[in-house]
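Coordinate analysis (summary)
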Amino acid sequence: MTAAWGVLLFVLLTGWSVLDGAVQGAGATNTRVRSGAARRARLAAVGPLLLPGEVWLVAGAGVLVGAFPHAEADLLRAGYPVAVALVASWALRDAALWLRSRRPGHAWRTTWDRLLAGASTVLPAAWGALLGAAWGSVLAAVVLAAWNVAATRLHGAALVARRLGEPSRIGWWTTSALVAAPVVATAVVTWPHLLAGTVGNGPSAALGGVVVALLPVLVTAQWFAWRLLIRPVGPRDVVFF
Amino acid sequence: MLPEAGGVITVAAVSAADLARLEFALLAAVHFLFVLVTLGLGPVVAIFGSRWAGAERLGRWQAPVLERATRFWGQLYLVNYALGIAAGIVLELQFGLHFPGLLDVAGEIFGAPLAVETLGAFFLESTLLGLWVFGWHVIPRRVHALVFWGVVVTGYASAFTVMVANGFLRNPVGHELVDGPGGQVATLADPLALIFNPAALLSGFHVVGACLMAGGFLLVAVSAWHLRRGQGSGGQWGGPQPADVDEDLWRRSTRTGLVTGTVGALLAMGFGFGQFAYITRLDDPGPAGGDVSGGLDVVAAVGLGLMNAVAGTVVLLGPVLLLMLIGNAVFRLPRGLRGALQRTFVVALPVPFVTAISGWLTRELSRQPWVVSGVLRTDEAVGDQPAWMVLASLLVLVGLMVTLAVVDWTVLGRLARRGGEGLVLGAAPADVLGAEADGEPGGHLLRFATEPAAPSISTEPTTPEGVR
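Here the structure is a predicted model, which means the values were calculated and not measured.

**A closer look at the overall build of chain B**
Looking only at helices and strands, chain B features 15 helices and four strands. When burial is assessed residue by residue, chain B has 50% of its 468 residues classed as buried. Summarising the internal contacts of chain B: among those between residues at least 6 apart in sequence, 81% fall at separations of at least 24.

Next up, the structure:
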């Protein structure tokens, strides 16, 4: 029962890394193109991934609080500064995406583009470092942070290329595996510690029942979202960001 | 139960706890301001969207104005929602970051509703909202309207689960204290008691009322600003029937706002008084401590006085204004009186927000010094970070969130003043990218134009300023 919660947790964290990693990568590299229209087209390519993607980490945090509160308390005690950097860069990344195109003007948009690139680099780095903190090793934190920054950039470029119909050196399945790798490795390394960090008699059956009842609805909603939104962009797409 | 340590350590521990509380309070206040608009505006956007879908299907003349209303209020909803999520994420982390004792002692109970919130309600809400925004031209119109109702329902469910968690802190029910390795731990004994806790249910409806009232004030204030400005330029506004689609939009929005504002005030007032059923019972000094409300009577008195005054005024004036909707009287008052009324509506915009924050402060402060009433004291729940570290996180996170919030409100203000022209939500991609002044949009446009665009999506004329 507790193991099932652990699997759910790491499925959610892997999902977030893959989905949101593409948004992070596209945001981090968006200043490489010059024209405003090109930047907006690239953001439009990953835009639909933002809302249904970032909820995976929120849900993962919910599972951590609900099923493994002691593990969460331990993790945040060890990784306090990285966790602060993670949520701060996340908030800034979101604000930059939502606000950059809401006003005209070169200065407004360039400022937000730079903030987006900065926050989209700090976010995967902080995520890697937090995973490293779960390993209990500074070296792991540094390596995973660097790995995540590089992997999300490749992943963002691959996904933008797919949606805009451009050629890409690396396929998006490969880059998905690259961004997922640190989470999967963390699952293996931290598994015993995680299971020890559950509540007294394991997660409550009532909570499990609610989650089992909800899962089909969640899977259906997400399946529709991806079916509709992940295809090469066309005239029926929406340019919002 | 502070350790019997030297003065320096005790002072440091106390100030770390105070800083953690201050950080939580400030972040929660920022988050709450966004939640008020999300929950208050949600049903309004859903109703406009459904009526647009119906009008379009039946070929009614109202379809264009209802489309404009859906897109205008939907766009404000989105730009507000964006920061609401960000603030919520930052807030959620605070429990683990600064109050690990709360998770250690009451994690099983306090964590369960939060897990349901993030894994169920919020997960669905955000997924459906993504479908609504980015599936605008793909999903059939009626299904699209239904998707937004899903956003509203899950948003309210989300708020309710948060109230279950908060209600447990205020009125801990449905739990059993058992001895664990590190001291007493609360385990879930009765999930139904937790859910039907009056501190969750009654207070939940009270908060819903406050949100609807805030949404109503927002609708009325923005509409009044436009109606006041419009009558000066054209001179034809203010007749028995709306002169054009814009005046129609602002009149409809005013009507909707007056209804939701009045209903919200009634709910907030009714369930606000209803809460005293359990509050007075709780404030009997029990065996656990007699200083439950010590020293905070001033905040409570000011908060309660403000809430009473605001809700009472809205409950009295709302029905009068609703009656004045008959024959569009409220839009056809003599010019001077009409201008004064519209000015009042605009100026009153902050009232529900200030009131809601004061209500939340009253509730949370009156629980102190407990984080879980009678079970766990706040100073026992705080982590062992040094004060400087908590102060650093306070400066980073609160500084960032307050800055972003102010920028977001500025953008919302500009979008609100801009009105129903050139809305990016629901615009055709060609209109959006075509309006980009610099660079070579042609090549990028081609990607979005491999087949002819549906006729219904390119009706909005692009303004010279562009679409945003």
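**A word on the overall build of chain A**
Along its length, chain A carries eight helices and zero strands. The secondary structure elements of chain A, listed N-terminal to C-terminal, are α-α-α-α-α-α-α-α. The C-alpha radius of gyration computed for chain A amounts to 18 Å, which stays within 12% of the reference 18 Å derived for 241 residues, consistent with globular compactness. Each of the three principal axes of chain A carries a C-alpha extent, and together these read 55 × 40 × 35 Å. Taking all 241 residues of chain A together, the buried fraction comes to 62%. Counting only contacts in chain A whose residues sit at least 6 apart along the sequence, the fraction spanning at least 24 positions is 76%.

**Points about the interface of chain B and chain A**
Facing the 83 residues of chain B at the interface are 68 residues of chain A. Among the secondary structure elements, those contributing two or more residues to the side of chain B that touches chain A are α2 (63-98), α3 (100-134), β1 (175-180), β2 (183-188), α13 (387-418), α14 (429-434) and α15 (441-447) of chain B. No other element matches α3 of chain B, which puts 25 residues into the side of chain B that touches chain A. When the residues that make up the side of chain B that touches chain A are grouped by side-chain class, the tally is 51 nonpolar, 19 polar and 13 charged.

**Focus on the environment of T313 of chain B**
Residues and elements named next belong to chain B. Summarising the element assignment, T313 is placed in helix α9 (residues 297-323). The partly exposed category is assigned to T313, around which 13 C-beta atoms lie within 10 Å. Linking T313 and F122, residues 191 residues apart in sequence, is a C-alpha distance of 34 Å.

**Structural notes on the UniProt feature "transmembrane region" (unreviewed entry) in chain A**
Residue and element names in this part refer to chain A. According to UniProt, the positions carrying the feature "transmembrane region" (unreviewed entry) are residues 49-68, 125-149, 170-194 and 206-226. In this annotation, residues 49-68 is assigned 95% helix and 0% strand; the end-to-end C-alpha distance for the span is 28 Å. For residues 125-149, helix accounts for 92% and strand for 0%, while the C-alpha atoms at its two ends are 6 Å apart.

**Some details on the packing of helix α5 (residues 106-135) of chain A against helix α6 (residues 138-164) of chain A**
All names here are of chain A. Orientation of α5 relative to α6, taken along the N-to-C sense of each, is 145°, at an axis distance of 7 Å. Between α5 and α6 lies a crossing whose hand is right-handed. Here T121, P124, A125, W127, G128, A129, L131, G132, A133 and W135 of α5 lie close against α6, whose contacting residues are A140, A141, V142, L144, A145, W147, N148, V149 and T152. Looking at side-chain class alone, the contact of α5 with α6 contains 14 nonpolar, five polar and no charged residues.

**Description of the nonpolar core**
With 232 residues, the main nonpolar core has A91 of chain A together with A86 and V90 of chain B as its most contacted residues. Top element by residues in this core is helix α1 (residues 7-58) of chain B. It accounts for 23 residues. A91 of chain A has contacts with A86, I89, V90, L400, M401 and L404 of chain B, leaving out every residue within four places of it along the chain.

**Some remarks on unusual backbone geometry**
All names here are of chain B. The residue after Q368, namely P369, is reached through a cis peptide bond having omega 10°. Relative to the helices and strands, P369 resides in the loop between α11 (351-365) and β3 (370-372). Backbone geometry at N328 places phi at a positive 55°, although glycine is not the residue there. Along the polypeptide, N328 turns up in the loop between α9 and α10 (335-347).

**A closer look at the packing of helix α4 (residues 80-99) of chain A against α13 of chain B**
One can describe the packing of α4 of chain A onto α13 of chain B by two numbers: an axis separation of 11 Å at closest approach and a directional angle of 10°. Between α4 of chain A and α13 of chain B, the interaxial angle falls into the category roughly parallel. Across the interface between the two elements, Y80, V84, A88, A91, L92, A95 and L99 of chain A from α4 of chain A touch M389, S393, V396, L397, L400, M401, L404, V407, D408 and V411 of chain B from α13 of chain B.

**Comments concerning the confidence of the model for chain B**
Residues and elements named next belong to chain B. Scored by pLDDT, chain B has a mean of 82; 84% of the residues are at 70 or more. Within the model, pLDDT remains below 50 along residues 285-295, and this stretch shows eight contacts once partners closer than five positions in the same chain are excluded. Low pLDDT, under 50, characterises residues 450-465; the predicted model gives this stretch 26 contacts beyond four residues in sequence or across chains. Scoring of the predicted complex yields 0.89 for pTM and 0.92 for ipTM.

**What to know about the environment of A112 of chain B**
Note on placement: A112 of chain B falls in helix α3. In sequence terms A112 of chain B and L333 of chain B are 221 residues apart; their C-alpha atoms lie 54 Å from each other. Excluding residues within four positions of it along the chain, A112 of chain B makes contact with G66, S204 and L207 of chain A together with L188 of chain B.

Procedures and definitions
- Residues numbered from 1 in each chain as written.
- Chains lettered and ligands numbered in written order.
- Predicted model: local features only at pLDDT ≥ 70, side-chain atom pairs only at ≥ 80, totals over all residues.
- Helix = DSSP H or I, 4+ residues; strand = E, 2+ residues; numbered from the N terminus.
- Buried ≥ 20, exposed ≤ 12 C-beta atoms within 10 Å, placed from the backbone.
- Contact = placed C-beta atoms within 7 Å.
- Rg over C-alpha atoms; globule rule 2.2 N^0.38 Å.
- Nonpolar A, V, L, I, M, F, W, Y, C, P; charged D, E, K, R; others polar.
- UniProt positions renumbered as here; feature names shortened; annotations may be inferred.
- Axes fitted to C-alpha atoms, helices over the stretch in contact; angles between N-to-C directions.
- Left-handed = near helix turned anticlockwise from the far one by under 90°.
- Core = buried A, V, L, I, M, F, W, Y, C linked by C-beta atoms within 7 Å.
- Parallel < 35°, antiparallel > 145°, perpendicular 65-115°, else oblique.
- pLDDT = per-residue confidence, 0-100.

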